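What follows is the residue order along each chain.
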Amino acid sequence: MEGRDFDYYEARARDVKLDDITSSCEGNATILQQLRDQDTYLKILTISDDADDDNFVVGEGDDLGWLGYFIGKSKYLEDLHIDSWGEGENIEAFIEGINHNRSIDSLHIGTDLGDVNFRSMSPFFRNNNRLAELELNFEVGLECAQSIAHALGESSCQSLKHVTIEDSNLSDGGFAVIATALRSYPQLEELHLEGNNIGLTSCIALADMLRGWGASNLKTLAFSSNEIDDQGLQALAAGMTNTSLKTLYLSNNLITGAGLRSLSDYFQSESCCLRTLDLTRIDFGDEGAMVLADGLRGNQSLKNLYFIPDESGITDVGWAAFSKLVCDPSSINSTYHSNHNIETIGEKGMYGTPPDIREYLYLNERLGWRRAAIHKILKSHPDLDMEPFFQWKLKLLPVVANWFRSARSCLFPDRPRSTQRQSLQNRELSALYKFIRGMPSLTVISYWQQFVMNAQAERRRIDDERRRLEDERRRLYYDEEAAWERLGGRPRREGSSNLVSGTKRRRHV
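Residues numbered from 1 in each chain as written. Predicted model: local features only at pLDDT ≥ 70, side-chain atom pairs only at ≥ 80, totals over all residues. Heavy atoms only, no water.

1. Details of the packing of helix α7 (residues 171–181) against helix α8 (residues 200–213)
When two helices pack together, you describe them by how their axes are tilted relative to each other and by the distance separating the axes. Just so we agree on the cut-off: Structural elements are reduced to axes, namely lines fitted to C-alpha atoms, with helices fitted over the stretch in contact, and the angle between N-to-C directions of any two is expressed from 0 to 180 degrees. Helix numbering and strand numbering both begin at the N terminus, where a helix is a DSSP run of H or I of at least 4 residues and a strand a DSSP run of E of at least 2. Any angle between 65 and 115 degrees counts as roughly perpendicular, while under 35 counts as roughly parallel, over 145 as roughly antiparallel, and the rest as oblique. In what follows, a contact means two residues having at least one pair of non-hydrogen atoms within 4.5 Å. Three classes are used: nonpolar for Ala, Val, Leu, Ile, Met, Phe, Trp, Tyr, Cys and Pro, charged for Asp, Glu, Lys and Arg, and polar for all others, with Gly counted as polar.
Taken N-terminus to C-terminus, the directions of α7 and α8 make an angle of 10°; their axes are 8 Å apart at the nearest point. Here α8 runs roughly parallel to α7, going by the angle between their axes. Only L200, T201, S202, A205, L206 and M209 of α8 make contact with α7, whose side of the interface consists of S171, D172, F175, A176 and A179. Of the residues contributing to the contact of α7 with α8, the split by class is seven nonpolar, three polar and one charged.

2. Some points on the packing of aromatic side chains
Rules: Here a pair means two rings of Phe, Tyr or Trp (six-membered ring of Trp) with centres within 6.5 Å. Their orientation is stacked below 30 degrees between planes, edge-to-face above 60, and tilted elsewhere. Each residue's exposure class comes from its accessible area (1.4 Å probe, protein chains only) as a fraction of the maximum for that residue type: buried when under 20%, exposed when over 50%, partly exposed otherwise.
Using the criterion set out here, one finds 15 aromatic pairs in the structure. Ring geometry for Y9 against W66: centres 4.9 Å apart, planes inclined by 75°, an arrangement best described as edge-to-face. With Y9 in helix α1 (residues 6–12) and W66 in helix α3 (residues 64–73), the pair connects residues that are 57 residues apart, well separated along the chain. Looking at Y9, the relative accessible area reads 1%, which means it is buried. Overall, the relative accessible area of 5% leaves W66 in the buried class. With a centroid separation of 5.3 Å and an interplanar angle of 70°, the aromatic rings of Y69 and F70 are classed as edge-to-face. Taking relative accessible area as the criterion, Y69 reaches 5% and is therefore assigned buried. Three or more aromatic residues joined by ring pairs form one cluster here, namely F6, Y8, Y9, W66, Y69 and F70.

3. Brief notes about the pattern of salt bridges
Let me state the cut-off plainly: Just to be clear on terms, a salt bridge is a Lys or Arg side-chain nitrogen sitting within 4 Å of an Asp or Glu carboxyl oxygen.
Counted according to the given criterion, the structure contains 18 salt bridges. Between R130 and D105 there is a salt bridge, and its shortest N-O distance comes to 3.5 Å. Taken together, the residues R130 in the loop between α5 (122–127) and β5 (133–136) and D105 in the loop between α4 (91–98) and β4 (106–109) connect sequence positions 25 residues apart. For R130, a relative accessible area of 42% translates into the label partly exposed. Looking at D105, the relative accessible area reads 21%, which means it is partly exposed. Linked through salt bridges whose partners overlap, the residues forming this network are E470, D471, R473 and R474.

Spelled out as structure tokens, the structure:
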């Protein structure tokens, strides 16, 4: 079949009979008609050799240029899956047609582009301002990786949010060139690179890419089923410092317990907002458990730490470290500063997680940080030791009372509330008694100090009242004198009608 370009199909599109340009698959003509007629119901299109009712099945001799042309003209197609070229022809014209599309927001390519170089898709990435998701799932050699990097680097598609290159045998060299192109995509939110045999070189390239972004929007980074070792994780962790990463998948890699130590600084950094860490199918052992527990002490973001207990190599020693992480019973202060944020340790459902740790994690999930801390303190310290608080003397006594008042609102929902309230009241009285018993002289002194303060306050009140009455008496005296002045003076004596002038009267006063 002779080479054809977009103009060729443009000139013949109005008169072409759709049944004449497709294979015998009945659904193909219908799909072409929907594309040509701008059918708003056709949002998703899969090109495959699987004869599914919703797929465009490429048959022998099919001119894919027509399909590409109608895809390019479509205003409503949103999701395009290219799973197979089949025996179709004019693949170059198909790519040229796709390059004219402006409606696709999700592109999935699951077959080798063959002779059609990825570079030829540069106009699609450059001109489509809706594309948000790109997924590649086919063998990507170094030359193809360079073509992908060229297309992405030349276009800088600012709408692109999700990139997936999965099970593509990408290798370190291939991803390094793609990572360089992705430096101009700081808006990326998800990057999935599972099953690509990438290791240290790729981790270094990725870390450089993250640092080059400055303020990163990346929320999900998936590196499962690769060749990442401890050095690779160390390089990767160095690049995550200033990211807003929420989810990190590292399952099925070559990481050891010692290598997990490189995540400690990241966990403790103020910028860490990681919520999920997946370490399934990694044998990190007790050493790794203790490293993770130490690193997560004080961390306020991680909610889920996933691993398979039977495959992690953890013994009672490792579980003890995790137990101390979520509830350190060595002192009330240590219990208070335990991790009350993490909700999952182990696999989803936590079937292999020890019951005591599951209970603490349940408190974290159901009650939140503050109420979980109260429950753990009450559970781990049945006889609260008040002596460490004596240094604040009686100033802390109201704080203790308020703390027990808050504890009353944090009762277990699955236990009798009356029993819990009675227990709290008994423990509150015990704590207050310990304060008084531990500082009897201070308690007595405090009583008489308060008595003196009250007496002084009452004396000040009486003095103030006395001054007020004296001022009132003086005011009334002058008002009375002014009134007699207007009457011509006071009487000389009681019952006499003769008046004494005010001036003379004041002389006698």
